[in-house]
Amino acid sequence: MKVLCISDSLGLPRPGLNYDETWISLLKKSYTSFDFICIFQRAITTDVLVSGWEEIGKPGADTLEFYEPDLIILQLGIVDCAPRYLSHYSLLFKLINNSPKSLQNLFWVLIKKFKKRDIKSVDVPIEKFKSNVINYLERCKNFKIKRVIIIKICNPDNIMVKSNPTIKEAVLMYNKAYEDLAKMFPFVTLIDPLNSELYNQDIFLDGYHPNAFGN
């Protein structure tokens, strides 16, 4: 069985978490007869599912069509919905990033002093998020994928909420979109293994990325 797994940094090792402790490594050890195909990259959004998928060599084409998997596991969404000072796609953000380093530092000091993280300033607005997922699931339907398992966006703990006060509101909104879309596609299974409110034990390294227990 071919299992295509797509994740952002939540599926990757990092300081304090070895590769052998990640959920994908644990899956491979538990299901040795399965062929796990991993598309993991830090800071990716659901745009990766659709961007240029019609063309060979473009990011989206590598998330489904070339592999023809039996099963898919998706762990995406936090980069889409996290409230930011500026959207990474905004003109101002691009202008700042193209400025000399000394000016960049000054701009960010001023922005963080006078501006708050805003649920309206996200990398992927909610309607685009829905469109991305629907596009992908429609393609899964056409390819007769047996099952798509979507890992809901993690419910962050207080460390992350302190630095990003509206993050829980954003996560709730985007998870609601996942819930609604799951009802449209009978082959979709939605799971929520990283809901911090279900555990007495810590499951995060830094307020959001899962530790060994979380994995």
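Residues numbered from 1 in each chain as written. Predicted model: local features only at pLDDT ≥ 70, side-chain atom pairs only at ≥ 80, totals over all residues. Heavy atoms only, no water.

**Student:** Provide a residue-level description of the pairing of strand β4 (residues 147-151), including the pertinent values.
**Tutor:** The pairing of strand β3 (residues 71-75) with β4 spans 4 bridges and is parallel. Bridging across to β4, Leu74 finds its partner in Ile150. (Pairing = 2+ DSSP bridges. Helix = DSSP H or I, 4+ residues; strand = E, 2+ residues; numbered from the N terminus.)

**Student:** Which residues make up the side chain of Ser9, and what are the values?
**Tutor:** Along the chain, Ser9 falls in the loop between β1 (2-7) and α1 (23-30). A distance of 2.7 Å separates a polar atom in the side chain of Ser9 from a polar atom in the side chain of His209. Look past the residues within four positions of Ser9 in its chain and what remains in contact with it is Arg14, Gln41, Arg42, Ala43 and His209. (Polar contact = N/O pair within 3.5 Å; in protein donor to acceptor, adjacent residues only side chain to side chain. Contact = heavy atoms within 4.5 Å.)

**Student:** I'd like to hear about empty space enclosed by the protein, residue by residue, with values.
**Tutor:** All told, the structure shown has 1 cavity of 30 Å³ or more when counted by the stated rule. The computed volume of the largest cavity comes to approximately 40 Å³. (1 Å grid on protein atoms, 1.4 Å probe; cavity = no way out; pocket = protein on both sides within 12 Å on 5 of 7 lines; lining within 4 Å. Points joined across faces, edges and corners; volume = space filled by probe spheres on them.)

**Student:** If you had to explain the side chain of Asp8 to someone new, which residues and values would you point to?
**Tutor:** Relative to the helices and strands, Asp8 resides in the loop between β1 and α1. Every residue in contact with Asp8, bar those within four places of it in the chain, is listed here: Gln41, Ala43, Ile44, Gln75, Leu76, Gly77, Ile78 and Val79.

**Student:** Tell me what's going on with the environment of Arg139, and back it up with residues and numbers.
**Tutor:** Here Arg139 shows up in helix α5 (residues 126-142). It is 9.9 Å that separates the C-alpha atoms of Arg139 and Val50, two residues lying 89 residues apart in sequence. Here the side chain of Arg139 touches Asn135 through a polar contact of 2.9 Å, side chain to side chain.

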